[in-house]
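Secondary and tertiary structure notes
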Amino acid sequence: MIEIRKVGVVGLGTMGAGIAQISVQSGFDTVGREVTDELAERGRGTIDRYLTRGVGRGRLSADGREAALGRLTLTTELAALGDCDLVIEAVLEELDLKRDVFAELDRVTRPDAVLATNTSALSVSQIAEATTRPERVVGLHFFNPAPVLPLVEVVRARESSEEALDAAYAWAERAGKQPVRCNDTPGFIVNRILIPLLNDCVRVLDEAGVRPEDMDKAMANGAGWPLGPCALIDLIGIDVHVHASEALHGKLGESRMAPPDRLVRMQAEGKLGRKSGEGFYTY
Ligand SMILES: NC(=O)c1ccc[n+]([C@@H]2O[C@H](COP(=O)([O-])OP(=O)(O)OC[C@H]3O[C@@H](n4cnc5c(N)ncnc54)[C@H](O)[C@@H]3O)[C@@H](O)[C@H]2O)c1
């Protein structure tokens, strides 16, 4: 099995910056690729800020932060990922864009490198088809915020080899994560279950005349949820959840997966949850 020593991360947005942080903090030399130098520096700033916060909270020493930042190099060229053993793609959720990135990664990386996508809702198999080595392509689906949430879904696409899956799984474990394997089905594991479940909770607000705070109290005390569904949707972002619901509904067609009217209205009114200051709650 290929030993992962050097990691590439394509896209240093919300997810990519978090994934690059996990990688450097776990001791891997990591190359972060952004489309412009400014965005790359912004990505480094995000990583630095969170590492510094980790020092403040006693999770990391000041030397550890320095060493972690020292493992990060930035580039705007995909060709600079040529000697990476594992490349994780975290660009916008657009199939054509991801396929272009994978076609280029296929050209510039070593043939035995493992290429992974962090897609939430696209088919990993369709992304893999853009390469000449679909057996080296897997999904590595992190959860937001990536440095905080332990789960990583290791997604077996149609042609993924066991060796590539094992290498990606072993890397995730060495990076301190809790990986689980699954097939390339819409929503993988958690979103396939959580999205319709959260939508049920929102529909029950109206059907049963429940206030959001009482819904959260009910699910915390009756089902043992650490965070109630309304608070959770506010944290995820109403727009992100509506988009994910539409994607899942588009693929599997179950009516529970379609976004509830209440969420669509909230999105149109700009009530996006924590990030906009108002959702089910005011922040
Ligand atoms: N945000 C989440 O909660 C979450 C959770 C799990 C998975 N994901 C997935 O992670 C991926 C990235 O999501 P995000 O939330 O980090 O998005 P984001 O908007 O924060 O970042 C998008 C990244 O794509 C890059 N990009 C934009 N246009 C590009 C182009 N033409 N060529 C190359 N790169 C380009 C941007 O520079 C940026 O680095 C998506 O596939 C998304 O579905 C997101």
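Figured I'd write up the structure that's included with this text. (Residues numbered from 1 in each chain as written. Predicted model: local features only at pLDDT ≥ 70, side-chain atom pairs only at ≥ 80, totals over all residues. Heavy atoms only, no water.)

The next thing to look at is the site of the ligand. Lining the immediate environment of the ligand, one finds 21 residues, of which Thr14, Met15, Glu34, Glu93 and Lys98 sit closest. In the model, an oxygen atom of the ligand is placed 2.9 Å from a nitrogen or oxygen of the Thr14 main chain. One of the side-chain N or O atoms of Asn118 is found 3.0 Å from an oxygen atom in the ligand. The fraction of the free accessible surface of the ligand (830 Å²) that becomes covered by protein chains is 73%. Broken down by class, the residue content of the shell around the ligand amounts to 9 nonpolar, 8 polar and 4 charged. (Near = heavy atom within 4 Å. Polar contact = N/O pair within 3.5 Å; in protein donor to acceptor, adjacent residues only side chain to side chain. Areas by Shrake-Rupley, 256 points an atom, 1.4 Å probe, with all protein chains shown as cover. Nonpolar A, V, L, I, M, F, W, Y, C, P; charged D, E, K, R; others polar.)

Sheet topology places strand 6 (residues 137–142) next to strand 7 (residues 151–156); 4 bridges connect them, and they run antiparallel. Residue pairing for strand 7: Leu140 is matched across the bridge by Val154. In this view, the connection linking strand 7 to its parallel neighbour strand 8 (residues 178–183) by way of helix 6 (residues 162–174) has right-handed handedness. (Pairing = 2+ DSSP bridges. Helix = DSSP H or I, 4+ residues; strand = E, 2+ residues; numbered from the N terminus. Right-handed = clockwise from strand over helix to strand, strands pointing away.)

Next up on the list: unusual backbone geometry. Asn144 connects to Pro145 through a cis peptide bond whose omega is 0 degrees. For Pro145, the position within the fold is in the loop between strand 6 and strand 7. A positive phi angle, near 50 degrees, is found at Phe188, a position not held by glycine. The residue Phe188 is located in the loop between strand 8 and helix 7 (190–207) in this model.

Now for a nonpolar patch on the surface. On the surface, Val180, Ile189 and Ile193 cluster together into a nonpolar patch covering about 210 Å² of accessible area. Examined against the element boundaries, Val180 turns out to sit in strand 8. Residue Val180 is classed as partly exposed on the basis of its relative accessible area of 30%. (Patch = residues over 30% accessible without salt bridge, like charges linked within 9 Å, V, L, I, M, F, W, Y side chains within 5 Å. Salt bridge = Lys/Arg side-chain N within 4 Å of Asp/Glu carboxyl O. Buried < 20%, exposed > 50% of the residue type's maximum accessible area, 1.4 Å probe, protein only.)

A few words on the nonpolar core. Residues Leu86, Ile88, Leu140, Phe142 and Trp171 are the most contacted members of the largest nonpolar core, which totals 37 residues. If near-sequence neighbours (up to four positions away) are discounted, Leu86 is found in contact with Ile4, Lys6, Val7, Gly8, Val114, Ala116, Leu140 and Trp171. Within the second largest apolar cluster, 20 residues are counted, among which are Val31, Val91, Ala157 and Phe188. (Core = buried A, V, L, I, M, F, W, Y, C linked by side-chain atoms within 4.5 Å. Contact = heavy atoms within 4.5 Å.)

Moving on to empty space enclosed by the protein. In total, this model carries 1 cavity of 30 Å³ or more according to the counting rule given. Empty space within the largest cavity amounts to approximately 40 Å³. Lining the largest cavity, in full, are Ser125, Ala128, Glu129, Pro134, Ala157, Arg158, Glu159 and Ser160. Considered class by class, the residues forming the lining of the largest cavity number 3 nonpolar, 2 polar and 3 charged. (1 Å grid on protein atoms, 1.4 Å probe; cavity = no way out; pocket = protein on both sides within 12 Å on 5 of 7 lines; lining within 4 Å. Points joined across faces, edges and corners; volume = space filled by probe spheres on them.)

For helix 3 (residues 62–70), the set of buried residues is Arg65, Ala68 and Leu69. The buried residues of helix 3 occupy an angular sector of 95 degrees when the element is viewed end-on, so they sit on one face. Along helix 3, exposed side chains directed more than 90 degrees from the buried face belong to Asp63 and Gly70. Packing partners of the buried residues in helix 3 comprise helix 1 (14–25), helix 2 (37–56) and strand 3 (72–75). (Arc of directions from axis to C-beta.)

This brings us to the packing of aromatic side chains. Going through the model one piece at a time under the given rule, you end up with 2 aromatic pairs. An angle of 55 degrees between the planes, with centres 5.9 Å apart, marks the rings of Phe28 and Trp171 as tilted. Residue Phe28 is located in the loop between helix 1 and strand 2 (29–33), and its partner Trp171 is located in helix 6; the two are separated by 143 residues in the primary sequence. Its relative accessible area of 2% is what places Phe28 among the buried residues. Judged by centre distance (6.5 Å) and plane angle (70 degrees), the rings of Phe142 and Trp171 are edge-to-face. You can see Phe142 sitting in strand 6 and its partner Trp171 sitting in helix 6, a full 29 residues away along the chain. Both residues of the pair, Phe142 and Trp171, count as buried. Counting every residue linked through ring pairs, the aromatic cluster contains Phe28, Phe142 and Trp171. (Phe/Tyr/Trp six-rings, centres within 6.5 Å; stacked < 30°, edge-to-face > 60°.)

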